[in-house]
Amino acid sequence: MRFTAVRERIDKACRAAGRDADEVRLLAVSKTRPAAAISAAGALGQTAFGENYVDEALAKIRALAGDDLEWHFIGPVQSNKTRDLAAHFDWVQSVDRVKIARRLADQRPDDRGALNVTIQVNVDAEPQKAGCSIADAAALAEDIAGRDRLALRGLMAIPAAVDEPDEARPAFARLRELFERLRSNHPDMDTLSMGMSSDLEAAIAEGATMVRVGTDLFGPRDG
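For clarity, every value in this text was computed on a predicted model and none was experimentally measured.

## What to know about the packing of aromatic side chains
For the coordinates displayed, the defined rule picks out two aromatic pairs. Relative to Trp 71, the ring of Phe 49 lies with its centre 6.0 Å away and its plane at 40 degrees, an arrangement referred to as tilted. Pair noted here: Phe 49 is in strand β2 (residues 48-51) and Trp 71 is in strand β3 (residues 70-73), with a separation of 22 residues, a long-range link. Looking at Phe 49, the relative accessible area reads 0%, which means it is buried. The interplanar angle of 80 degrees and the centroid separation of 5.6 Å between the aromatic rings of Phe 73 and Phe 89 together place this pair among those described as edge-to-face.

## Some words on the environment of Leu 58
With respect to the secondary-structure elements, Leu 58 resides in helix α3 (residues 54-63). We classify Leu 58 as buried; its relative accessible area is 5%. Considered as a pair, Leu 58 and Asp 84 are 26 residues apart in the sequence and their alpha carbons are 8.1 Å apart. Not counting residues within four places of it along the chain, the set of residues in contact with Leu 58 comprises Asp 84, His 88 and Phe 89.

## Quick word on the environment of Leu 104
Within the element layout of this structure, Leu 104 appears in helix α5 (residues 98-107). Sequence spacing of Leu 104 and Phe 179 is 75 residues, and the spatial spacing of their C-alpha atoms is 22 Å. Excluding its chain neighbours within four sequence positions, the residues that come into contact with Leu 104 are Thr 82, Leu 85, Ala 86, Val 92, Val 95, Leu 115 and Leu 150.

## A look at the pairing of strand β4 (residues 91-95)
Along β4, five of the five residues are buried, which leaves the element largely enclosed by surrounding structure. Here β3 runs beside β4; their pairing, made up of two bridges, is parallel. When the sheet's bridge partners are listed, His 72 is paired in β4 with Trp 91. Crossover connection from β3 via helix α4 (residues 82-88) to parallel β4: handedness right-handed. Sheet topology note: the β4/strand β5 (residues 115-120) ladder contains three bridges and is parallel. Within the sheet, the bridge partner assigned to Val 92 lies in β5 and is Val 117. A crossover connection joins β4 to the parallel β5 through α5; in handedness this β-α-β unit is right-handed.

Definitions and cut-offs
Residues numbered from 1 in each chain as written. Predicted model: local features only at pLDDT ≥ 70, side-chain atom pairs only at ≥ 80, totals over all residues. Heavy atoms only, no water. Phe/Tyr/Trp six-rings, centres within 6.5 Å; stacked < 30°, edge-to-face > 60°. Helix = DSSP H or I, 4+ residues; strand = E, 2+ residues; numbered from the N terminus. Buried < 20%, exposed > 50% of the residue type's maximum accessible area, 1.4 Å probe, protein only. Contact = heavy atoms within 4.5 Å. Pairing = 2+ DSSP bridges. Right-handed = clockwise from strand over helix to strand, strands pointing away.

Next up, the structure:
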């Protein structure tokens, strides 16, 4: 069972890092996966699912409305999609500028409670990649924390591709160090979302509290 194997990897990585396995949540990256696959994972105890494409995600959220799942948006945020994100998601992990934070806060329905937000940080300063700079993260955190309809939960990053998983550790360490600095002003921050199928062990060793896994959980995509 893939779900069991992934959980065992997480547990083993936590033991190797001297951490409690309960400190690390698994986010199932379900983009392009059918609703039936998500429901099957939910039946095994997986509750948190990450989506990259708004329209695709909305169809699945509606189809699985009775399954009591937690929906995270992890793709780049377009301004014209913020109303749907604010209305239908529990988390948006890819907030990288004040304009997006403002729109999400303004458009969050009153009956949904605060929208959980992580700041996406372009930790390797890649020009083609979304995310705010390390230097700009503190100001963005202050803006988000000051908005009643948003809950600043932490940071997210997708480091540059590397040949070996351990080569990602310096990038993960930079994000952890930033997280620790920001927590001095925002003690409610509790989420460090980093690490995927190929490098979750390295991310956990550097302090990840959430890892995002798709292929190793659901199997190869069709085609």
